[in-house]
Amino acid sequence: MTLSRIHYTKPSIGLLEQRYASDAVANGWGERCYEYISKFEQAFRDHLGTKHAIATSSCTGAMHMGLAALGIGPGDEVIIGDINWIASAAPILYLGAKPNLVDVLDDTWCIDPDAVVDAITPRTKAIVAVHVYGNLCNMDRLRQIAEDHGLALIEDAAEAIGSMWHGRRAGSMGTFGTFSFHGTKTVTTGEGGMFVTNDTDLYERVLTLSNHGRSRNQTKQFWPDLLGYKYKISNVQAAIGCAQMERVEELIAGKRRIFEYYRDRFEGLPLRMNPEPDGTQNSYWMPTIVVDEDVPFSRERLLQDFQSNSIDGRVFFWPLSLLPMFHGYSKNPVSHSLYARAINLPTYHDIRDDELDRVIEVVASQFL
Ligand SMILES: *Cc1c(COP(=O)(O)O)cnc(C)c1O
């Protein structure tokens, strides 16, 4: 018998997504070419409770434009956690600014507020708070630090749609927030992203930047007022996004159900998973295990055992300070201790219990 392949993630695409996408393909042209884009942005604003939302072709693009609109450039520093995907840091480098990589907390794997305070210099302009794997950064502390030092606080909520910090949604609490709808994310459009903010001036600047620098008040045709970018989403992608937003609570609930299934069965093993501190809700984009420090464990062996059982494993993010583009950066101790003991587990809407049981069995076998 051949085992079914267990992917580490897969989107949940149903008839509603197909219906809206077909409609966009058949009818979403000419006068109607922005219809789904506007609806998608409206659905996102409604969900998050922010004043403004701009759909983009990626989260990376949304971050790039947001940082540019804040005027961040050469000579400036932006503080960001060492455990992260490159996409959150790359736009800082695109703009010629310097990412200042600081350590993360051992329990949330998100940026350590004390390390942020220590890293602030007269050149610091912003803090990028990334809600890693659905876990939340300590937003109360970060907001206070940003306020005390006159810094922008940016939330990369690409992995945290559905996560809540004391009643407020991830992505809605900072100077601006960004989201990704890449095919691996909880809400997907294949590729896509969103810029959100409550700051109307910032929104207007990003809107102009997003349209090749053409201000919406400019009456002259094809007249860019400044050098901008082209990071737009298509109407067809936005149609898929509209369907996903109608199902967003169901998609988040699916992620939580899978996490809880793992968590309940891993009880007693020498490992920790994504935390959910009091007053918060974790949307558990990626159920993740971190093996206790004093326990023998090989990430490579687990990945091999997954492979021989037709399970796709996914490594925890490498510390950015290990990557070639950050050569010479100092190694943050918590980040460098975490990654080798950690792994993401498969999670998708239609994964079956017997498939989850196969994953659980392989994980448990590492500690026999
Ligand atoms: C996926 C992801 C991104 C990149 O999103 P794209 O839409 O692929 O640009 C950025 N930040 C985080 C935290 C992510 O998980």
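Here, every reference points to the structure presented above.
Residues numbered from 1 in each chain as written. Predicted model: local features only at pLDDT ≥ 70, side-chain atom pairs only at ≥ 80, totals over all residues. Heavy atoms only, no water.

### Concerning the site of the ligand
Here's step 1: Taken together, the neighbourhood of the ligand is formed by Ser58, Cys59, Thr60, Ala87, Ser88, Val130, Asp156, Ala158, Glu159, Ser180, Lys185 and Gly192.
Here's step 2: In this structure, Ser88 approaches the ligand through a side-chain N or O atom, which is 3.3 Å from a nitrogen atom.
Here's step 3: Between the ligand and the protein, one listed contact pairs an oxygen atom with a side-chain N or O atom of Glu159 at 2.5 Å.
Here's step 4: Within the complex, 91% of the 380 Å² of free accessible area of the ligand lies under protein.
Here's step 5: Listed by contribution, the elements that provide at least two residues to the shell around the ligand are α3 (59-69) and α4 (86-94).
Here's step 6: In the shell around the ligand, the residues fall into four nonpolar, five polar and three charged. (Near = heavy atom within 4 Å. Polar contact = N/O pair within 3.5 Å; in protein donor to acceptor, adjacent residues only side chain to side chain. Areas by Shrake-Rupley, 256 points an atom, 1.4 Å probe, with all protein chains shown as cover. Helix = DSSP H or I, 4+ residues; strand = E, 2+ residues; numbered from the N terminus. Nonpolar A, V, L, I, M, F, W, Y, C, P; charged D, E, K, R; others polar.)

### A short note on the sheet that holds strand β6 (residues 164-165)
Here's step 1: Strand order in the open sheet made by the three strands is β7-β6-β11, with antiparallel pairing throughout. Here the strands that pair on one side only, and so sit at the sheet edges, are β7 (168-169) and β11 (280-281).
Here's step 2: Bridge count between β6 and β7: two bridges; the pairing is antiparallel. Each residue of the ladder has a partner; that of Trp165, found in β7, is Arg168. (Pairing = 2+ DSSP bridges.)

### Details of the pattern of salt bridges
Here's step 1: Per the counting criterion, the structure on display carries 17 salt bridges.
Here's step 2: For Arg247, the salt bridge is made with Glu17, and the minimal N-O distance between the two is 2.8 Å. With Arg247 in the loop between α8 (235-246) and α9 (248-265) and Glu17 in helix α1 (residues 15-27), this pair connects stretches of sequence that are 230 residues apart. Here the two residues Arg247 and Glu17 agree in accessibility, since each one is buried.
Here's step 3: Close ionic contact of Asp264 with Arg263 constitutes a salt bridge, the shortest N to O distance being 3.3 Å.
Here's step 4: On the accessibility criterion, Asp264 (42% relative accessible area) is partly exposed. (Salt bridge = Lys/Arg side-chain N within 4 Å of Asp/Glu carboxyl O. Buried < 20%, exposed > 50% of the residue type's maximum accessible area, 1.4 Å probe, protein only.)

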